[in-house]
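# Fold and contact review
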Amino acid sequence: ALRAGPRAVAEGDLFVEHRLNQLPPSLGLRGGADALSSPDVVAADYVAGELLIVEATIAHDGALGRYVSRKRQKYRHLGRHVDFGRDAPAEVPLTPLSPIIIAVGASGELHSSSVTALRECFRLDEDQLLQFCAAAAAIAQSRRGAAARCRSR
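### Things to note about the pattern of salt bridges
On inspection of all chains with the given rule, the structure shows three salt bridges. Glu50 is paired through a salt bridge with Arg123; the nearest N and O atoms lie 3.7 Å apart. With Glu50 in strand β3 (residues 50-59) and Arg123 in the loop between α2 (112-120) and α3 (126-142), this pair connects stretches of sequence that are 73 residues apart. In this structure Glu50 comes out as buried when scored by relative accessible area, which is 17%. With a shortest N-O distance of 3.0 Å, Lys71 and Glu55 are connected by a salt bridge. Of this pair, Lys71 sits in helix α1 (residues 64-75) while Glu55 sits in strand β3; the two residues are 16 residues apart in sequence, bridging distant segments of the chain.

Right under this line is the structure:
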């Protein structure tokens, strides 16, 4: 959705499952005590001047809200704090958006804040949103065993 969608983030500006200390210093996510944290996706949208931090989770439908809250809590500082240290870029730095949490229920249901993020932050139109939801549902349903383990805890 970030590379092929309206944002068209370049492949070299999209980082999937990288620890914060592995990201380019020009992004300003040095990590400090959280240097080993690894959001699912960090994307530099230089056209919009925005830094997107995306975390995805699959959970039991009844636990979606709780999982969204946990992920927001875990990554909340990344949307507020940018530290370039000595590596400050010469160009205007990217504005970090609040972390985007994409939460999918085991049935394929998306949390309402995830739908909002897909529309507003990812800039998906209705057809793209439906395609995303169908793909998310297929992934979630293929992982039903993980959701069942989650329920038993």
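Okay, back to it.
### Things to note about the packing of α2 against α3
At their nearest, the axes of α2 and α3 sit 10 Å apart, and the two run at 135° to each other. When the axis of α2 is compared with that of α3, the two are oblique. In this structure, α2 meets α3 at a crossing whose hand is right-handed. Contact with α2, carried on its side by Val115, Leu118 and Arg119, involves Glu126, Leu129 and Phe132 of α3 and no other residues of that element.

### Quick word on the environment of Val68
By the element assignment, Val68 lies in helix α1. For Val68, a relative accessible area of 1% translates into the label buried. Spatially, the C-alpha atoms of Val68 and Ile101 are 6.3 Å apart, while their sequence positions differ by 33 residues.

### Here's the deal with the nonpolar core
The biggest cluster of nonpolar side chains holds 20 residues, and the ones touching the most others in it are Leu2, Ala43, Ile100, Ile102, Leu118 and Phe122. Taken together, the elements giving at least two residues each to this core come down to β2 (41-45), β3, β5 (100-105), α2 and α3.

### Side note on the packing of aromatic side chains
Going through the model one piece at a time under the given rule, you end up with zero aromatic pairs. Over the face of the ring belonging to Tyr67 we find Arg70, whose NZ or CZ atom lies 5.2 Å from the ring centre.

### Here's the deal with α2
When we look at burial in α2, the residues that qualify are Ser113, Ser114, Val115, Ala117 and Leu118. For α2, the secondary structure elements touched by its buried residues are α1, β5 and α3.

### Some thoughts on α1
Given a rise of 1.5 Å per residue, 12 residues ought to cover 16 Å, and the 17 Å separating the end C-alpha atoms of α1 matches this to within 8%. Within the span of α1, buried status applies to Leu64, Tyr67, Val68, Lys71 and Tyr75. What you see down the axis of α1 is that its buried residues fit within an arc of 100°, all on one side.

### A few points about the side chain of Asp45
Examined against the element boundaries, Asp45 turns out to sit in strand β2. For Asp45, the side chain forms a polar contact with the main-chain nitrogen of Val47, separated by 3.2 Å. When near neighbours in sequence (up to four residues on either side) are disregarded, Asp45 contacts Arg7, Val9, Glu50, Leu52, Leu94 and Arg123.

### Section: the environment of Arg123
Its relative accessible area of 36% is what places Arg123 among the partly exposed residues. Residues Arg123 and Pro6 lie 117 residues apart in sequence; the distance between their C-alpha atoms is 6.2 Å. Apart from residues no more than four positions distant in its own chain, Arg123 is found in contact with Pro6, Arg7, Asp45, Ala48, Glu50, Leu118 and Gln128.

### Some points on the pairing of β3
With eight of its 10 residues buried, β3 lies for the most part within the structure. In this structure, β2 lies alongside β3, joined through five bridges in antiparallel fashion. When the sheet's bridge partners are listed, Ala44 is paired in β3 with Leu51. Counting the residues between successive antiparallel strands, the hairpin from β2 to β3 contains four residues, one of them, Gly49, with a positive phi of roughly 75°. In this sheet, strand β4 (residues 95-96) lies alongside β3 in parallel orientation, the contact comprising two bridges. From the neighbouring strand, Glu50 faces β4, where its bridge partner is Thr95. Pairing geometry for β3 and β5, over six bridges, is parallel. Paired with Thr57 across the two strands is Ala103, which belongs to β5.

Here is what the cut-offs are and how they apply
- Residues numbered from 1 in each chain as written.
- Predicted model: local features only at pLDDT ≥ 70, side-chain atom pairs only at ≥ 80, totals over all residues.
- Heavy atoms only, no water.
- Salt bridge = Lys/Arg side-chain N within 4 Å of Asp/Glu carboxyl O.
- Helix = DSSP H or I, 4+ residues; strand = E, 2+ residues; numbered from the N terminus.
- Buried < 20%, exposed > 50% of the residue type's maximum accessible area, 1.4 Å probe, protein only.
- Axes fitted to C-alpha atoms, helices over the stretch in contact; angles between N-to-C directions.
- Parallel < 35°, antiparallel > 145°, perpendicular 65-115°, else oblique.
- Left-handed = near helix turned anticlockwise from the far one by under 90°.
- Contact = heavy atoms within 4.5 Å.
- Core = buried A, V, L, I, M, F, W, Y, C linked by side-chain atoms within 4.5 Å.
- Phe/Tyr/Trp six-rings, centres within 6.5 Å; stacked < 30°, edge-to-face > 60°.
- Lys NZ or Arg CZ within 6 Å of the ring centre and 35° of its normal.
- Expected span 1.5 Å × (residues − 1).
- Arc of directions from axis to C-beta.
- Polar contact = N/O pair within 3.5 Å; in protein donor to acceptor, adjacent residues only side chain to side chain.
- Pairing = 2+ DSSP bridges.

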